[in-house]
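Report on the structure
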Amino acid sequence: LLIIGIIAGPVIGLVKNTHFGSVGPIFTSITLILILFESGTNLKIEELLNSIGAAFLLTLFNFFASAIIGTIVAITFFTEINFLSALFFGVIIAGTSSAVVIPIIKQLKMNEKGYTTLMLESALSDVLCLVIGLALLQAMKDGVFVVGSILNGIWISFLFALIIGFVSGLLWSFVLKFTRIIENSKVMNLAMVFIIYGITESLNLNGGIAVLIFGITLGNAHLLKETRFKEVFPSKELLSNEKDFFSELVFIFTTFFFVYVGVCMKFGSWGIYGIALLIVLAIILVRPLSIKLLVKTKMSFKDLGIMAIMAPKGLVPAILASIPIQ
């Protein structure tokens, strides 16, 4: 799909990313929203609790290791930029993309633990990438770099997005039984996902995390029936046909997403390719170390191998990279 996009775009010029206008970034955001929600609905809470510790440590290790690599490369090759700008460059390339990671690991049929760990890592690193990246941008403008404000920004963004997603999931699981009497009720679930994402983002919080938690809460709401809260929250879970609806949407959007990424590729000097390749190789060489140190669960060699190389970049770095130019 990437190759089709590259051929249709940069190679023969049949399609240009300018043809998409402002719809392009919106399209990639919609893809990310759908992927996160659909993945959340299929996550079992038990598996999530087993993986969250490893995912958190893995995210921190790989994010800061990648940021250091990027900063060193920037200082070495881009001599005209200062340390703060080099650090910003390192942070941009440190995050992994949920929109790329999740479709690929689904196709590769990983075990539940590995799949959940990678999915959570990609979602958490998006938060780090955005919050630290935007804080560094502000520091570049002000000429002052304050670590405390960055840490505050991270936990506030994550915590409040988590609360919004969780509370919305509980409330919507209660409302579901009323919406199902309406024609085309499956689309109402989709509308609710967009509303939650929009509200969270408008509050300058992480909409992706809110949508993921919303999906996880809805996917596990049926567990409330086994507790004393069943009278207060007579929750309903998503039916299989409602989950299938989102699976089909995710399939369609991810197909076009990868073609769109290919269309948006830009080809410049060979020196730029060399530097980019150097960064990619350095990050891929560091990841196996983090897997060996932090993943304690017994997994097959195939699954460990997938985890060791799964560090693709996506929408968030592209957005952050474009802001200074604008």
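None of the values given here were measured: they were computed from a predicted structure.

**With respect to the pattern of salt bridges**
For the coordinates displayed, the defined rule picks out two salt bridges. Across the salt bridge formed by Lys-106 and Glu-38, the nearest N and O atoms sit 2.2 Å from each other. With Lys-106 in helix H5 (residues 98-107) and Glu-38 in helix H2 (residues 23-41), this residue pair connects regions lying 68 residues apart in the sequence. The exposure class assigned to Lys-106 is partly exposed, which follows from its relative accessible area of 28%. Arg-287 is paired through a salt bridge with Glu-121; the nearest N and O atoms lie 3.0 Å apart. A residue pair is termed long-range when its members are at least 10 positions apart, and Arg-287 in helix H11 (residues 270-294) and Glu-121 in helix H6 (residues 112-142) qualify at 166 residues. Across this residue pair, the class does not change: Arg-287 and Glu-121 are buried.

**Describing unusual backbone geometry**
Of note, Lys-109 is a non-glycine position whose phi angle comes to about 55 degrees, a positive value. In this structure, Lys-109 sits in the loop between H5 and H6. With a relative accessible area of 64%, Lys-109 lands in the exposed category. The backbone of Asn-204 sits at a positive phi, close to 60 degrees, despite the residue not being glycine. Within the fold, Asn-204 resides in the loop between helix H8 (186-202) and helix H9 (207-220).

**Focus: the side chain of Thr-200**
Mapped onto the fold, Thr-200 is located in helix H8. Non-local contacts of Thr-200, meaning those with residues more than four positions away in its chain, are made with Ala-161, Ile-164, Leu-205, Asn-206, Gly-207 and Ala-210.

**Focus on the nonpolar core**
Among soluble globular proteins, nonpolar side chains are generally buried collectively. With 80 residues, the main nonpolar core has Phe-37, Ile-105, Leu-118, Ile-132, Phe-214 and Met-307 as its most contacted residues. Of the residues forming this core, the biggest block, 13 residues, is contributed by H6. Those residues in contact with Leu-118 that lie beyond four places of it in its chain are Val-101, Ile-105, Met-110, Arg-287, Ile-306, Met-307 and Met-310.

About the cut-offs
Residues numbered from 1 in each chain as written. Predicted model: local features only at pLDDT ≥ 70, side-chain atom pairs only at ≥ 80, totals over all residues. Heavy atoms only, no water. Salt bridge = Lys/Arg side-chain N within 4 Å of Asp/Glu carboxyl O. Helix = DSSP H or I, 4+ residues; strand = E, 2+ residues; numbered from the N terminus. Buried < 20%, exposed > 50% of the residue type's maximum accessible area, 1.4 Å probe, protein only. Contact = heavy atoms within 4.5 Å. Core = buried A, V, L, I, M, F, W, Y, C linked by side-chain atoms within 4.5 Å.

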